[in-house]
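# Coordinate analysis (summary)
Read off the chains here:
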Protein chains: 2
Amino acid sequence: MRKRVTIYEVADAAGVSVATVSRALNGGRVAPLTRARVLRTAERLGFSPSPAARVLATGKSRAIGVVIPDATGPLYGRMLRGIGLELAQAGYTYLVESSERDPARERQVLRDLSARDVEALILIGSGLGPRSLAAMQGGLPSLVLVEREGADLAAPMITIDNESAAERATRYLIEHGHTRIAHIAGPRRAGRERLAGWRRALEAHGLAPGPVANGGFTEEGGYRAAQALLARGGFSAVFVASDRMALGAYRAVREAGLRVGADVSVVGFDGLEFGTYLDPPLATLRQPAQQLGQAAARAALAVTRGERPENVVLSCELVPRASVLEYGGGL
Amino acid sequence: MRKRVTIYEVADAAGVSVATVSRALNGGRVAPLTRARVLRTAERLGFSPSPAARVLATGKSRAIGVVIPDATGPLYGRMLRGIGLELAQAGYTYLVESSERDPARERQVLRDLSARDVEALILIGSGLGPRSLAAMQGGLPSLVLVEREGADLAAPMITIDNESAAERATRYLIEHGHTRIAHIAGPRRAGRERLAGWRRALEAHGLAPGPVANGGFTEEGGYRAAQALLARGGFSAVFVASDRMALGAYRAVREAGLRVGADVSVVGFDGLEFGTYLDPPLATLRQPAQQLGQAAARAALAVTRGERPENVVLSCELVPRASVLEYGGGL
DNA sequence: TATAGACGTGTAAACGCTTACATCTGGATC
DNA sequence: GATCCAGATGTAAGCGTTTACACGTCTATA
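Residues numbered from 1 in each chain as written. Chains lettered and ligands numbered in written order. Predicted model: local features only at pLDDT ≥ 70, side-chain atom pairs only at ≥ 80, totals over all residues. Heavy atoms only, no water.

- Chain A has the name LacI family transcriptional regulator in an unreviewed UniProt entry, where Oceanithermus profundus is given as its organism.

### Here's the deal with the domain arrangement of chain A
All names here are of chain A.
- Annotation of chain A at the domain level lists domain 1 (7-49), domain 2 (63-160 + 289-315) and domain 3 (162-287).
- Between the C-alpha centres of domain 2 and domain 3 there is a distance of 30 Å.
- The interface of domain 2 with domain 3 comprises 10 residues on the first partner and 11 residues on the second.
- Carbon and sulfur atoms supply 50% of the area that domain 2 and domain 3 bury against each other, a total of about 900 Å² over both sides.
- The largest per-residue losses of area from domain 2 upon contact with domain 3 belong to Leu 75, Glu 149 and Ile 160, which jointly make up 53% of the total buried on that side.
- Across the domain 2-domain 3 interface, the total number found is two salt bridges.
- Close ionic contact of Arg 189 with Glu 147 constitutes a salt bridge, the shortest N to O distance being 3.7 Å. (Domains from an automatic or database assignment. Contact = heavy atoms within 4.5 Å. Buried area = accessible area lost by both parts, 1.4 Å probe. Salt bridge = Lys/Arg side-chain N within 4 Å of Asp/Glu carboxyl O.)

### A few points about the nonpolar core
- Ile 122 of chain A together with Ile 122 of chain B are the most contacted members of the largest nonpolar core, which has 149 residues in total.
- Among the nonpolar cores identified, the runner-up in size contains 34 residues, and Leu 133 and Met 157 of chain A together with Leu 123 and Met 157 of chain B belong to it. (Core = buried A, V, L, I, M, F, W, Y, C linked by side-chain atoms within 4.5 Å. Buried < 20%, exposed > 50% of the residue type's maximum accessible area, 1.4 Å probe, protein only.)

### Details of the relation of the copies chain A and chain B
- Once chain A has been moved 0.0 Å along the axis and rotated by 180°, it coincides with chain B to within an RMSD of 0.1 Å. These values place the two chain copies in the arrangement generated by a two-fold rotation axis. (Least-squares fit on C-alpha atoms with pLDDT ≥ 70 in both.)

### Section: the interface of chain A and chain B
- Taken together, the contacts link 45 residues of chain A with 45 residues of chain B.
- Counting each side, the surface lost to burial between chain A and chain B is near 3,400 Å², with a carbon and sulfur contribution of 53%.
- A breakdown of the residues in the side of chain A that touches chain B according to their chemical character gives 20 nonpolar, 10 polar and 15 charged. (Nonpolar A, V, L, I, M, F, W, Y, C, P; charged D, E, K, R; others polar.)

Structure follows, in structure tokens:
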């Protein structure tokens, strides 16, 4: 372990007191010449202040905790990048922990993180419900919620505009001549809002809602839901509430002897990479993952300053692809 | 900010001195009854020791720094999970930073991380070369290198057995009757070793090496390399040194009016998720990402204990898929 | 019965910063 | 020329732990 250069050695070498060194380093009032000399000395000695000592003295750890549901989720990497970039600018870092979608583990992770001197906690995606959170909240640092339920938690929420995005997706299908549009839905708030957007688009165009099936946001669920819908028929396009479910739907369509695009148009949600490689490539709504992260980080920083930041709602971008074709009178 | 319960309050409440509380908490010698009373009191008051104070007093931060090349890379999430799981068991956490494949930024990130009291640094994937690292090493905590060059750096290295894996991949093609096998190669150590494995497999079966083209580990590079190979011809199968390049190769094959599998068998490397969704699904060698992470974490922990851990070499698993078919006399 | 450990506990000094307060200097003001 | 005040610097008290050392108290041994 490399030996630490302390502020005392810098003070000695520069011929001033430690207080002056500290002030020179942190922008306190110091005579310009003294400051220059101190900085030069610090540089020469390779001084870098001990974060631990600083935390102890100031009570500010300059660290934010982040909880994600799943370390391998493709969107979380982008969110973390957004968080990291934004925090770095303010001289903050973050600690990530993954709940692996296990409530017990999430509780553990929350406790763990708050025992580690983080100034705020960013909670991403689904996990413990608002009630469990509220119960723990006393022992936790301030929260920032990203795409997560928690209306009455008095915590800033960063979300995407699921309803508008879903409406846009559905409108995209309508613009391609489809009038009978089914929906494969997902659970929780995100699922409900996407369903609402689908419905709103149809109403706005005077169309009757097509059949709906629930897919639980999993590939297998999407497969089953699509099978159920195909068995009933009565639609030429389907808006699927997640790309992962759309994957299952592709399989069901193929197994039914039909072709995605030509026979059934499909639009997904999330904008995951694999959609590009499907045959045909999957039209979808891209989540602004990195921006979500940035917004969350900004909110977290505001919270540490004692502010009460606004909620943020970001919108998704439509990615048109060949899984949606002009309605040709099939089905 | 929640008020801290300090060790003094616990000591008072339990009627002992702070030294005893500390010992009771950390497994020093304390009378069993006293220990029980202290623990109960601590629990009741919701005491949790200040990490900063602890770090300051002990000089151990219980944190490891991790540098990855790219926050959104699909393998890194898995590695981080492995690292996190392993470290958590030892009561450690980690700080991640991404270099975004920019040398200047990587230097910055290294400095930043080492200024943050990490006890060791795990460097994942390509980045600063051994010489630049060696130059900085004086100012850095001990390193652990994962899939990265750095022979003479006196740091434990965690790698995969690229050569054996590449040999396995090539053998897989040979087992399917292919005798003229091309290679799309990548740069750096990983690229060289995979090339060597390909060559070794061919030699072992008395086959002449087919044509080789370089793809730079990018999709576009893979595309170009495949185009070049197809222009020359003379092979019925190709071992591509990364899935990402294989993606480009697929495109080139398709544009040449051929079919992957039927006309040209392809096997990739890495085991990325999207390979499943290609048409046909891409046979590949799966990297043991999570295990790499675990091994790296174990090595890092050993290093903090002053040990000098062994290098670790992990092997990849062949994932057979339909991009490789029995040689049928085509091409 | 004296005595050497062994064991349990307490006292106080670090660890490396920040910062309130005190001190000193040198004009500016009357 | 005395008085103030502002600006620069120093002194020292925390921040919340760990831990070396000192100090009893017992029990086992001679």
